[in-house]
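Listed below, chain by chain, are the residues.
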Amino acid sequence: MTKPLLIWQPDIFPDEEREIAAKYFNIKDYHLSITPIPMEPFVMRGAVSTASRLGINLSRFDCQKWVPWLSEHMISKSFEWTIPNELCKYEDWNWPLFIRPDSCKKLFAGQVYSRDKWREEFNYLKQRNSEKILTFIAEQEWIGREWRCLFVGQELVGVSDYMYKGEILDEAGQRNITEELKNYAQTIRANDYFSPEDNLTIDIGQRSDGSYGLVEINFLETAGWYAVDKDLVYARLAEQLK
């Protein structure tokens, strides 16, 4: 049986993952500007910008689209939208703040910024003429461990911890993955915002009182998968195209 097509962008994800993917897919490397959009169904693995060039509309992963649907689950209950130069203009913002771009294209890293650190980031955005992009801001919330939950369609195919107290772990793993955590992720995935065939990641953090909250969602095929069973993920993605 002919394997389905996977468009692979080199130098984004580990070579070891590519070797796993080759068990399930016919892999074609993506090359900027010379790789046409395939006529047949395909899966891609690469950057968000590459997904856009391949005709995949990821606007549903912009904050302003999904936050209103999932606000009851958000790790922080106090948030709003503004633009970067407004954050630098007024003195009464309650620093430090969690700041991220509204767009899933992520022109800068979503993280907690002090006022001085944000001014540095703002100067970088000005150099790129991006000081007026829509930006999501929230009050700082203490978060312990964070997990990435992977869904192919409606199936939870893997969970990995990847961050602790705001720092990416040197080695992601399977720490503290409880049935409560998995059920919480599945509750979010069951929201009417998602269609049955959506492939996505749901990032969940744990507050100081032990409760869970939603950090963000992303497109599965552009996100890091960390310490999940990648054989299972690729097998399920291949099954989607049969």
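Each remark here, short or long, concerns the structure printed above.
Computed from a predicted structure; not experimentally measured.

1. A word on helix α6 (residues 179–189)
Right, so step 1: Of all the residues in α6, the buried ones are L181, Y184, A185, I188 and R189. The arc that holds every buried residue of α6, seen down its axis, measures 140 degrees, which confines them to one face. Facing away from the buried side of α6, by more than 90 degrees, are the exposed residues E179 and E180.

2. Considering the side chain of D203
Right, so step 1: Examined against the element boundaries, D203 turns out to sit in strand β11 (residues 200–206).
Right, so step 2: On the accessibility criterion, D203 (0% relative accessible area) is buried.
Right, so step 3: For D203, the side chain forms a polar contact with the side chain of Y162, separated by 3.2 Å.
Right, so step 4: Setting aside its immediate chain neighbours within four residues, D203 contacts W147, R148, Y162, G213, L214, V215, E216 and N218.

3. What about the sheet that holds strand β10 (residues 167–173)?
Right, so step 1: Read across the sheet, five strands follow the order β10-β9-β8-β11-β12 without closing on themselves; strand pairing throughout is antiparallel. Two strands close off the open sheet at either side, each with one partner strand: β10 and β12 (212–219). Pairwise comparison of adjacent strand axes, ignoring direction, gives a mean angle of 30 degrees for this sheet.
Right, so step 2: Direction of pairing for strand β8 (residues 145–152) relative to β11: antiparallel, over a ladder of six bridges. In the sheet register, E146 faces β11, and the bridge partner there is G205.
Right, so step 3: α6 contacts β8, β9 (155–164), β11 and β12 of the sheet and is inclined by roughly 130 degrees relative to β11.
Right, so step 4: Where helix α7 (residues 230–240) meets the sheet, its contacts fall on β8 and β9, and the angle it forms with β8 comes to roughly 30 degrees.

4. Overview of the nonpolar core
Right, so step 1: One finds W66, I202, I204 and I217 to be the most contacted residues of the largest nonpolar core, which totals 37 residues.
Right, so step 2: Sequence-distant contacts of I217, that is, excluding residues within four places in its chain, are made with F61, W66, L70, F194, L200, T201 and I202.
Right, so step 3: Within the second largest apolar cluster, 18 residues are counted, among which are W8, F25, V43 and L150.

What counts and what doesn't
- Residues numbered from 1 in each chain as written.
- Predicted model: local features only at pLDDT ≥ 70, side-chain atom pairs only at ≥ 80, totals over all residues.
- Heavy atoms only, no water.
- Buried < 20%, exposed > 50% of the residue type's maximum accessible area, 1.4 Å probe, protein only.
- Helix = DSSP H or I, 4+ residues; strand = E, 2+ residues; numbered from the N terminus.
- Arc of directions from axis to C-beta.
- Polar contact = N/O pair within 3.5 Å; in protein donor to acceptor, adjacent residues only side chain to side chain.
- Contact = heavy atoms within 4.5 Å.
- Pairing = 2+ DSSP bridges.
- Axes fitted to C-alpha atoms, helices over the stretch in contact; angles between N-to-C directions.
- Core = buried A, V, L, I, M, F, W, Y, C linked by side-chain atoms within 4.5 Å.

Fair warning: the whole summary comes from geometry, so function is off the table for now.
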